[in-house]
Amino acid sequence: MAYFDSPKNRAIWNKELDGLRAERARREENGFKPEAADKQFKQQSAERPGRRRINLEQLEAIEREAGGIRRVRRPVRERAKTMEREHVNQAEKSGRTM
């Protein structure tokens, strides 16, 4: 609860609560309508010029065209092989000492 000791954080939280209360009031009057949320999102998008909404497939296509996606061969599990070799070596050594 120390978060609310700061006046700045308390103001941020109160602003968030005001928005949630307004959304609750809107839903009580009109019910749940996702179209309203889409309108608000589109309005926010319009306020940010130079940006457009795209999906993952479009983003991957853009990156492929730019040559940004390359298949990289994963490194071999050398540590596991090393550990296996050490285990075999230890077994051999312990077998010789008996």
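Above this text you will find the structure in question.
Parameters and conventions
Residues numbered from 1 in each chain as written. Predicted model: local features only at pLDDT ≥ 70, side-chain atom pairs only at ≥ 80, totals over all residues. Heavy atoms only, no water. Helix = DSSP H or I, 4+ residues; strand = E, 2+ residues; numbered from the N terminus. Areas by Shrake-Rupley, 256 points an atom, 1.4 Å probe, with all protein chains shown as cover. Salt bridge = Lys/Arg side-chain N within 4 Å of Asp/Glu carboxyl O. Buried < 20%, exposed > 50% of the residue type's maximum accessible area, 1.4 Å probe, protein only.

Glancing now at the overall build of the protein chain. When you go through the protein chain residue by residue, the secondary structure sums to 4 helices and 0 strands. In the protein chain, the succession of α and β elements from N to C terminus is α-α-α-α. Total accessible area on the protein chain stands at roughly 10100 Å², and carbon and sulfur atoms take up 51% of it.

The next subject is the pattern of salt bridges. Where charged atoms of side chains with opposite charge meet at close range, the side chains can pair. All chains considered together, the criterion is met by 3 salt bridges. In this structure, Arg 21 and Asp 18 form a salt bridge, with 3.4 Å as the shortest nitrogen-oxygen distance. A residue pair is termed a helical-turn pair when its members lie 3 or 4 positions apart in one helix, as Arg 21 and Asp 18 do in helix H1 (residues 7-30) at 3 residues. Residue Arg 21 is classed as exposed on the basis of its relative accessible area, which comes to 52%. Here Glu 23 and Arg 27 are joined by a salt bridge, their closest N and O atoms 2.9 Å apart. One end of the pair, Glu 23, and the other, Arg 27, are both in helix H1, 4 residues apart, so they sit about a helical turn from each other. On the basis of relative accessible area, Arg 27 is assigned to the partly exposed category, the value being 39%. When salt bridges with common partners are traced through the structure, they connect Glu 23, Arg 26 and Arg 27 into a single cluster.

Scope: geometric values only; no functional claims are made or implied.
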